[in-house]
Amino acid sequence: MKERILDVRGLTVGYGLGDDAVRAVRDVDLTLHKGEVLGLAGESGSGKSTLAYGMTRLLPPPGVVTGGEVIYHLEDGTSVDLLRLPDADLRRLRWSEIAIVFQGAINSLNPVQRISTQLIDVLKAHSPGTPHRARQDKARELLTLVGIATDRLHSYPHQLSGGMRQRVMIAMALALQPRVVIMDEPTTALDVVVQRQILRTLVDLRERLGFSVVFITHDLSLLVEFSDRIAIMYAGQVVEEAQSAELYRTPLHPYSDGLLRSFPALKGPRRDLAGIPGSPPDLRMMPSGCAFHPRCPRALDVCDSQTPALGQSRQNRSVACWLHPVAVP
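Residues numbered from 1 in each chain as written. Predicted model: local features only at pLDDT ≥ 70, side-chain atom pairs only at ≥ 80, totals over all residues. Heavy atoms only, no water.

(A) Looking closely at the packing of aromatic side chains. Tallying each qualifying case throughout the model produces five aromatic pairs. Ring centres of tyrosine 53 and phenylalanine 102 lie 6.2 Å apart, and the angle between their planes is 40°; this geometry places the pair in the tilted category. Of this pair, tyrosine 53 sits in helix H1 (residues 48-55) while phenylalanine 102 sits in the loop between strand S6 (98-101) and helix H3 (105-108), placing them 49 residues apart in sequence. Tyrosine 53 sits in the buried class, given a relative accessible area of 18%. Aromatic side chains tyrosine 234 and phenylalanine 292 sit 5.2 Å apart centroid to centroid with 85° between the ring planes, which places their arrangement in the edge-to-face category. Of the two residues, tyrosine 234 is situated in strand S9 (residues 229-234) and phenylalanine 292 in the loop between helix H10 (254-260) and strand S11 (311-312); the sequence distance between them amounts to 58 residues. Each member of the aromatic cluster is reached from another via a ring pair, and the members are Tyr234, Tyr255 and Phe292. (Phe/Tyr/Trp six-rings, centres within 6.5 Å; stacked < 30°, edge-to-face > 60°. Helix = DSSP H or I, 4+ residues; strand = E, 2+ residues; numbered from the N terminus. Buried < 20%, exposed > 50% of the residue type's maximum accessible area, 1.4 Å probe, protein only.)

(B) Just the pairing of strand S4 (residues 63-73), in detail. Inspection of the sheet shows strand S1 (residues 4-15) paired to S4 by eight bridges, in the antiparallel sense. Considered in S4, the bridge of tyrosine 15 is made with glycine 63. Here S4 pairs with strand S5 (residues 79-81) via three bridges, running antiparallel. Note that in S5 the partner of tyrosine 72 across the bridge is valine 80. (Pairing = 2+ DSSP bridges.)

(C) Region of interest: the sheet that holds strand S8 (residues 212-217). Here we have eight strands laid out as an open sheet, ordered S6-S7-S8-S3-S9-S10-S12-S11, and mixed in their pairing. Each of the sheet's edge strands pairs with one partner strand only, and the pair in question is S6 and S11. Examined bridge by bridge, strand S3 (residues 37-41) and S8 share five bridges and lie parallel to one another. Bridge pairing links glycine 39 to phenylalanine 215 in S8. Helix H6 (residues 162-173) rests against S6 and strand S7 (180-184) of the sheet, and its axis sits at about 170° to S6. (Contact = heavy atoms within 4.5 Å. Axes fitted to C-alpha atoms, helices over the stretch in contact; angles between N-to-C directions.)

(D) How the structure looks around the sheet that holds S1. Taken together, four strands build an open sheet; the order of strands is S2-S1-S4-S5 and the sheet is antiparallel. Each of the sheet's edge strands pairs with one partner strand only, and the pair in question is strand S2 (22-33) and S5. With direction set aside, neighbouring strand axes in the sheet form an average angle of 5°. Strands S1, S2 and S4 of the sheet are contacted by H1, whose axis makes an angle of about 115° with S1.

(E) Highlighting helix H5 (residues 132-145). For H5, with 14 residues, the first-to-last C-alpha span of 20 Å sits near the 20 Å given by 1.5 Å per residue. All of the buried residues in H5 are Arg135, Lys138, Ala139, Leu142 and Leu143. Down the axis of H5, the buried side of the element spans an arc of 135°, and every buried residue falls inside it. Residues Arg133 and Thr144 are exposed on H5 and point more than 90 degrees away from its buried face. Contacts made by the buried residues of H5 are with helix H4 (115-126) and H6. Following H5 by one or two positions, glycine 147 has its phi on the positive side, about 80°. (Expected span 1.5 Å × (residues − 1). Arc of directions from axis to C-beta.)

(F) Up close: the side chain of aspartate 81. Among the structural elements, aspartate 81 can be located in strand S5. Here the side chain of aspartate 81 touches valine 70 through a polar contact of 3.1 Å, landing on its backbone nitrogen. Leaving out residues up to four positions away in the same chain, aspartate 81 has contacts with Glu69, Val70 and Ile71. (Polar contact = N/O pair within 3.5 Å; in protein donor to acceptor, adjacent residues only side chain to side chain.)

Fair warning: the whole summary comes from geometry, so function is off the table for now.
What follows is the structure, given as structure tokens:
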């Protein structure tokens, strides 16, 4: 049995209050194990980033967590609920235990501060007793760790390429050697070659440092290469979860199958690419029954009226679909 490091149970996130509130994440359960890469995939608007920010209490207004718990298991054997942790304790936990790489490095880095200043600020804020010379040495070490020459320490963000800026964000996240790193679409807007370079860097760093990763992206092909397990989100819910190789070979949910068919295979015979018809539902007016049934090519009569539960199917996979009745809801 793998050691659990993070347990998300029944997490629900809404935007707004009262009857007009929109539930962007609905009753999500996830488990992250030590040293594991858990991928979160889905179309834009499926709730992936909202889930990550809800887990870490970084939701901007008017977002609010309305239910659930996020249990973090410390190395000493104790556990804490991140959603109910006092602000001072949460601040001590951030970056030292759980770090996040935000989407779009150009928007996350301060454009008028040098890279050295921004790296040192992280160390200063979370390790206030460290001497300035030690912080400078650590900043150089972090850049070397992600494959950037140390003479770039005095550069401004606009003087770096997109891939280098993303590496700086990864270096910043690893500054205090956290046990969990959440990556919110870290390769968005990068070309394919740079994407693969970033992924190789992440794989190497994970093997060397042993941290766990929650990797969020709309590009399922990246997750198949990089993740141990993949959770597919649609309309704020997890609709399938499986080992990455199993999901790639035999997707059970029609939505997972549609995502996989939307990018070309690197090996094997040629096949026609087929997108998913229609658009994701308006969260203010969710369809009855299964949220995916208006777009599903294999919908049954029951899909229109009853919502399937996420549970273990006959193939010992977690899936929320009436095509695969669950054995244990």
